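Here are the chains, one letter per residue:
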Amino acid sequence: MKTNVSLKPYNSFGFDAVAKYFIEINDIDELRQLVTTPEFKKERFLVLSGGNNVLFQEEVFDGLVVYINTKGVEILGENENDVIVRAQAGEDWPEFVRFCVGKGWHGVENLAHIPGKVGAAPVQNIGAYGMELKDSFLQCEAIELATGNKRVFTKEECAFGYRESIFKSELKGQYVITSVDFMLKKDAPLHLEYGNIKAYLEQNGIVSPTLQQLHDAICDIRDAKLPDVKQIGSAGSFFKNPVIDRAQFNALQEDYPDMPHYDEPDGKVKVPAGWLIEHSGPSALRLLRQTQEPKAQGPQNAETVSWKGWRNEHVGVFEKQALVLVHYGGGKGQDIVDLAQRIQNSVEAKFGIKISPEVNFV
Ligand code: EPU
């Protein structure tokens, strides 16, 4: 166990928080032993895998950070149609997807290039381009922190929802996912319906894409829209897309006929938070103050103002995707907390819609 370790390399926002204690786990038995020691029970603790969806609000994490770095991918069973694959929690997610696509296995290809580790993927049921982790998820194994006991969670037990699972709600902080089993198909139709996938393929002269071509297209599309976390700190989408009542949507649509929206099975309507953020901005009062801040940039007049591309010295709203908050360096987690609050307030003031973060605040 190490003391006073910088968490900068362990969170994709790149905030320089410090962990009082830090331990890297390369073997699950080490973890099972650790959680049953009296010292562990005394400390506040945080399990980190990729650190791609956390925001450290404090400069010091006054407890123990457990970094899961277990490796291994194995085939548990296969027939002519399906293959069951187990990946250990510390495996890199994009590499795992690339591996499956390389083998010709379908089920995770639209989730290509999402930064993170396998163990974190079920926690928020990662999703992109019309696919979610739950679609190919079979079961996962986890360790109960209170006892060190192993437990298998079936898909039903995980209670997956949109960026949700039991590990984020009822059982938050109680289990560590140690491996995930996927049920993948050796052949299946490709999901090309979402967003600009078709347009991208057409532009590149691809008429009927292979699994590999779809994977590569998604990597390119993401690269064009989302920041490279190696260069600019971010946690991908910062907010969830809100779901509103149809009556509220109908009223809004009269004022904003171009508002993109997706119908939900229960009759409600999902609205992209990125659009809401792009079409709202800092208040005129705030703008007056910002012009006096030394390095504040961004639109200077209340009529044309948008959060998209807004920045101050340390943090901002990504210029190509307003759902992504970014850290340009030298800032603190609190800077993002403050910016997020201002964005939430202005979206609510303009549209009457509350948006909530999908990122975990620590
Ligand atoms: N939009 C804007 N302005 C923006 C951003 C988006 O008007 O700045 C509009 C777009 O024009 C489009 C709609 O909003 O009409 C949806 O945009 P996009 O397809 O980029 O997707 P999103 O809803 O903003 C979600 C996920 C992403 C995922 C993409 C693609 C959430 C919270 N985010 O974003 O996931 O990659 O769909 O499937 O559901 C992540 O979770 O970290 C993440 C990046």
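Quick caveat: nothing in here was measured; it's all calculated off a predicted structure. (Residues numbered from 1 in each chain as written. Predicted model: local features only at pLDDT ≥ 70, side-chain atom pairs only at ≥ 80, totals over all residues. Heavy atoms only, no water.)

I would appreciate a short explanation of the overall build of the chain in the present structure.
Looking only at helices and strands, the chain features ten helices and 19 strands. Computed over the C-alpha atoms, the radius of gyration of the chain is 21 Å, within 12% of the 21 Å expected from 2.2 N^0.38 for a compact globule of 362 residues. Referenced to the eigenvectors of the C-alpha coordinate spread, the extents of the chain come out at roughly 60 × 55 × 35 Å. The burial tally for the chain puts 48% of its 362 residues in the buried class. When contacts within the chain are restricted to residue pairs at least 6 apart in sequence, long-range pairs at least 24 apart make up 61% of them. Accessible area of the chain: about 17,200 Å², with a carbon and sulfur share of 48%. Within the chain, one finds 39 positive and 50 negative side-chain charges whose respective centroids are separated by 4 Å. (Helix = DSSP H or I, 4+ residues; strand = E, 2+ residues; numbered from the N terminus. Rg over C-alpha atoms; globule rule 2.2 N^0.38 Å. Buried < 20%, exposed > 50% of the residue type's maximum accessible area, 1.4 Å probe, protein only. Contact = heavy atoms within 4.5 Å. Areas by Shrake-Rupley, 256 points an atom, 1.4 Å probe, with all protein chains shown as cover. Lys, Arg positive; Asp, Glu negative; His and termini not counted. Charge placed at Lys NZ, Arg CZ, Asp CG, Glu CD.)

What should I look at first to understand the nonpolar core in this one?
Among soluble globular proteins, nonpolar side chains are generally buried collectively. Counting residues in hydrophobic clusters, the biggest one holds 45 residues, and the most contacted among them are Trp93, Leu133 and Phe182. At the level of secondary structure, the elements contributing two or more residues to this core comprise strand E7 (82-88), helix H3 (93-103), strand E10 (137-144), strand E12 (175-185), helix H5 (197-203) and helix H6 (211-225). Looking at this core, the element that brings in the most residues is H6, giving six residues. With sequence-adjacent residues up to four places away left out, Trp93 is seen in contact with Val108, Leu111, Ile114, Gly116, Lys117, Val118, Ala121, Ile126, Leu133 and Phe182. Among the nonpolar cores identified, the runner-up in size contains 33 residues, and Leu252, Met259, Leu276 and Leu323 belong to it. (Core = buried A, V, L, I, M, F, W, Y, C linked by side-chain atoms within 4.5 Å.)

Explain the domain arrangement of the chain to me, please; I cannot follow it from the model alone.
Interfaces are often described in size by the accessible area the parts lose on coming together. One can read the domain layout of the chain as domain 1 (2-68), domain 2 (73-185) and domain 3 (235-361). Contacts between domain 1 and domain 2 engage 15 residues on the former and 18 residues on the latter. At the boundary of domain 1 with domain 2, total buried surface from both sides reaches about 1,300 Å², with 64% on carbon and sulfur atoms. Taken together, the links from domain 1 to domain 2 amount to zero salt bridges. The tally of links between domain 1 and domain 2 comes to four residue pairs in polar contact (both at pLDDT 80 or more). When residues of the side of domain 1 that touches domain 2 are traced back to their parent elements, those giving at least two are helix H1 (28-35), helix H2 (38-42), strand E3 (45-48) and strand E5 (60-68). For the side of domain 1 that touches domain 2, a count of residues per class yields eight nonpolar, five polar and two charged. (Domains from an automatic or database assignment. Buried area = accessible area lost by both parts, 1.4 Å probe. Salt bridge = Lys/Arg side-chain N within 4 Å of Asp/Glu carboxyl O. Polar contact = N/O pair within 3.5 Å; in protein donor to acceptor, adjacent residues only side chain to side chain. Nonpolar A, V, L, I, M, F, W, Y, C, P; charged D, E, K, R; others polar.)

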